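Take a look at the letters that make up each chain.
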Amino acid sequence: ELKVEQNPLFLSMQEGKNYTIYCNYSTTSDRLYWYRQDPGKSLESLFVLLSNGAVKQEGRLMASLDTKARLSTLHITAAVHDLSATYFCAVDTYSGTYKYIFGTGTRLKVLA
Amino acid sequence: NAGVTQTPKFRVLKTGQSMTLLCAQDMNHEYMYWYRQDPGMGLRLIHYSVGEGTTAKGEVPDGYNVSRLKKQNFLLGLESAAPSQTSVYFCASSYPTSGATQETQYFGPGTRLLVL
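Residues numbered from 1 in each chain as written. Chains lettered and ligands numbered in written order. Predicted model: local features only at pLDDT ≥ 70, side-chain atom pairs only at ≥ 80, totals over all residues. Heavy atoms only, no water.

(A) Focus on the overall build of chain B. Helices and strands together make up the secondary structure of chain B, namely 0 helices and 11 strands. Starting at the N terminus and ending at the C terminus, chain B contains elements arranged as β-β-β-β-β-β-β-β-β-β-β. For 116 residues, the compact-globule estimate of 2.2 N^0.38 gives 13 Å, and the C-alpha radius of gyration of chain B, at 14 Å, lies within 12% of that figure. Here the C-alpha coordinates of chain B stretch approximately 45 × 30 × 25 Å along the principal axes. Residues counted as buried form 47% of the 116 residues belonging to chain B. Within chain B, counting contacts between residues at least 6 apart in sequence, those at least 24 apart form 56% of the total. Separation of charge centres in chain B, based on 10 positive and 8 negative side chains, amounts to 9 Å. (Helix = DSSP H or I, 4+ residues; strand = E, 2+ residues; numbered from the N terminus. Rg over C-alpha atoms; globule rule 2.2 N^0.38 Å. Buried < 20%, exposed > 50% of the residue type's maximum accessible area, 1.4 Å probe, protein only. Contact = heavy atoms within 4.5 Å. Lys, Arg positive; Asp, Glu negative; His and termini not counted. Charge placed at Lys NZ, Arg CZ, Asp CG, Glu CD.)

If you want it as structure tokens, here you go:
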């Protein structure tokens, strides 16, 4: 069974600090996705990681993928209040049936 | 270019009633998906479609039916609503590039459904 686990589930941090969110998954997949969701809103795509060693950066966020360890990280550099949101990772696989599995999400609160 | 839209935004049903949620996209995407999101949980895939006239079951399909008669529309039906189907429903679409190696999904604004 494909499982996607994120940690931490909740993260409260001060502005200007750095932190990393971890996403572990349980089956072979070369594709991992990161999304952002603001309270009461829809999901917005942040990153698509398509191969082992992939690294992508956008502003203060950087995502990486290690398919051998089945691990992706989302690193936050010098956090600002606008980054407060819930972050989801997701993995997809196909073996007869298509599966697109989301992690439970990490709720990030950046304190001014 | 409206992206992905969902109708209605909010609905209250009584147990046993039926309803249809409509998802429409104007990006000419091949793939469309229906998810539900419950408090404290990630999204769970209900059904999906890889093209007009095709549908397939996802992770939690029981109690739901879908249809994709037109490429731009994906309908989610609840034949006999149950309180356990109280949730926020999101529709999404994607257009895989060659070899289906890039499947960023574009999400609609969501439909909040309350079943009493």
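Still more to cover.
(B) Layout of the nonpolar core. Counting residues in each nonpolar core, the largest one holds 26 residues, and the members touching the most others are Leu32, Trp34, Leu74, Ile76, Tyr87 and Leu108 of chain A. Per-element accounting of this core gives the leading share, 4 residues, to strand β9 (residues 85–94) of chain A. If we skip the residues at most four places from it in the chain, Tyr87 of chain A touches Gln6, Ile21, Tyr35, Arg36, Leu46, Leu61, Leu74, Gly105, Thr106 and Leu108 of chain A. Counting 19 residues, the second-largest nonpolar core is a separate cluster that includes Val48 and Tyr98 of chain A together with Tyr33 and Leu45 of chain B. (Core = buried A, V, L, I, M, F, W, Y, C linked by side-chain atoms within 4.5 Å.)

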